[in-house]
Amino acid sequence: MLDLEIVPEKSIATEKWQIILGMSINQVIQILKNNCDSVRSLQLIYNDKEPLNSDYIIKLHCDGIILYFDSLNQKLKLIEINDLKKLKLRYYGNYFNNLPTIQPTFDQITETFGITSPGIYDDNSGVIMLHFPGLFFTFNIDFRVEPKSISHHSVQSLDFPTGRKPLVSKISIYSGSSPSTAQAPEIPSLCLSKEIVYCSKVTIIRDYNLATRQGFTKGINLNLFTQGLGYQLDREHFDAQIMFNDTCQDVMTAIGSPSSVYYKSEEINKNGAIQSDPSKANDYFYNYKLFGLDLLFSAGQNQIIKFIFHSNFPCHYNFNNYFMCNFEIPILVNQETNQTFVVTQATTLEKLQDNLNIKTQPAILHRSSSTNSLNPFGPAFFYVYEDIIFEVMTNGYIASVTIACNR
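Quick look at the structure, then.

Let us now look at the sheet that holds strand 15 (residues 167-174). An order of 4-5-6-7-15-12-11-10 is seen for the 8 strands of this open sheet, with the pairing classed as antiparallel. With partners counted over all chains shown, the strands left at the sheet margins are strand 4 (43-45) and strand 10 (120-122), one partner each. Averaged over all neighbouring strand pairs, the angle between strand axes comes to 20 degrees, with direction disregarded. Bridging between strand 10 and strand 11 (residues 127-132) involves 3 bridges; their strand directions are antiparallel. Within strand 11, the residue paired with Ile-120 across the bridge is Met-129. This element, helix 1 (residues 25-34), spans strand 4, strand 5 (56-60) and strand 6 (65-70) of the sheet and lies at about 15 degrees to strand 5. Contacting strand 11, strand 12 (135-140) and strand 15, helix 2 (residues 106-113) runs over the sheet at an angle of about 5 degrees to strand 11.

Turning to the pattern of salt bridges, a few remarks are in order. In this structure the tally under the stated criterion is 12 salt bridges. Arg-40 serves as the salt-bridge partner of Asp-63, at 3.9 Å between the closest nitrogen and oxygen. Placement of Asp-63 in the loop between strand 5 and strand 6 and of Arg-40 in the loop between helix 1 and strand 4 is noted, with a sequence separation of 23 residues between them. One network of salt bridges, in which partners are shared, links Asp-3, Glu-5 and Arg-90.

Read from one edge of the open sheet, 5 strands run 18-17-16-25-26, paired in mixed fashion. Each edge of the open sheet carries a strand with a single partner, namely strand 18 (235-243) and strand 26 (339-343). Put simply, the sheet's adjacent strands are angled 25 degrees from each other on average, direction ignored. Strand contacts of helix 3 (residues 248-255): strand 17 (214-227) and strand 18, with the helix running at about 160 degrees to strand 18, the strand carrying the most contacts. Along the sheet face, helix 4 (residues 349-356) touches strand 25 (327-334) and strand 26 and points at about 160 degrees away from the line of strand 26.

Reading guide: rules and limits
- Residues numbered from 1 in each chain as written.
- Predicted model: local features only at pLDDT ≥ 70, side-chain atom pairs only at ≥ 80, totals over all residues.
- Heavy atoms only, no water.
- Pairing = 2+ DSSP bridges.
- Helix = DSSP H or I, 4+ residues; strand = E, 2+ residues; numbered from the N terminus.
- Axes fitted to C-alpha atoms, helices over the stretch in contact; angles between N-to-C directions.
- Contact = heavy atoms within 4.5 Å.
- Salt bridge = Lys/Arg side-chain N within 4 Å of Asp/Glu carboxyl O.

In structure tokens, the structure reads:
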């Protein structure tokens, strides 16, 4: 049984780990994986047809906890506890739920947290609601109560049977004015490291070739931040640019070292067969997983020849390998009127085809037939526009974008 400390507007925590509002879904999953000895069951729920139309949800069935993530930014916005029999709960070290000795009655909650406003009784649903800043208690009443006064709906207006007290049925921890309008705050300072650079946005730098009447990519601009070194722990924001043909030294000077480096050991020949040549130098990737970004360098010149951006949708094979990349690709669609269409991770195939007039048949990748033996998500479809390759899932959303140097 988990023993949790409740922090309104912020978090739940045990002695070993803490889950904080504003954390990315990647960070939360990693915490739960690292503590699989105490967290016994995890279920990820999402809308595979329209992944951005509803929250991503992680349910801890055995522990009575539900975590809600904003699907647009993949950050934690709401923590719910809906089965208090499975948990011990504390506030500033004082237990308010430790069955059977301490029951989460209305009187116990007000004694532990104080009371800033009277609880409200909803006679239609038969629940009592008690609100604190960033903390919301719901009490289900499974017995009949009579109002002392018809004109009031506060708890004080109710007449409870002798020996019967309403118990907490749900606790909501959130940032904002109410659980229903909760929004994920910015990533908490406790989740940041002074030694690590984080990325809030990537904007692709494009230009237009009048001779070929086609656009092309020059590089990318990254909006970065890191935890400040001062006593106030203010964040330091800065921008960096990475251009095609930059060297690995240029890149590390601009944005720091990658999370990992991967060398391509295999190539595909003209017949579509995979071949390997140990005597040949191989191109290699810099994986910036916190940015949702890969950079491919040529083996001969050690210069950037490809950018790859990852959307990190749960309905994709590579989910949770990267943080979500918040990319923007401005594409000039009408040179005369200077009309631009901006592609983001929320853009669908339908919008791509309408705005970019993509009519060619896509290349199809069945990952289950390659070295990856299991793939419940179906094939991926690759559409080419100028120097850009869009990897599109079966639901029409972009899983990744690859931009190659064509000059």
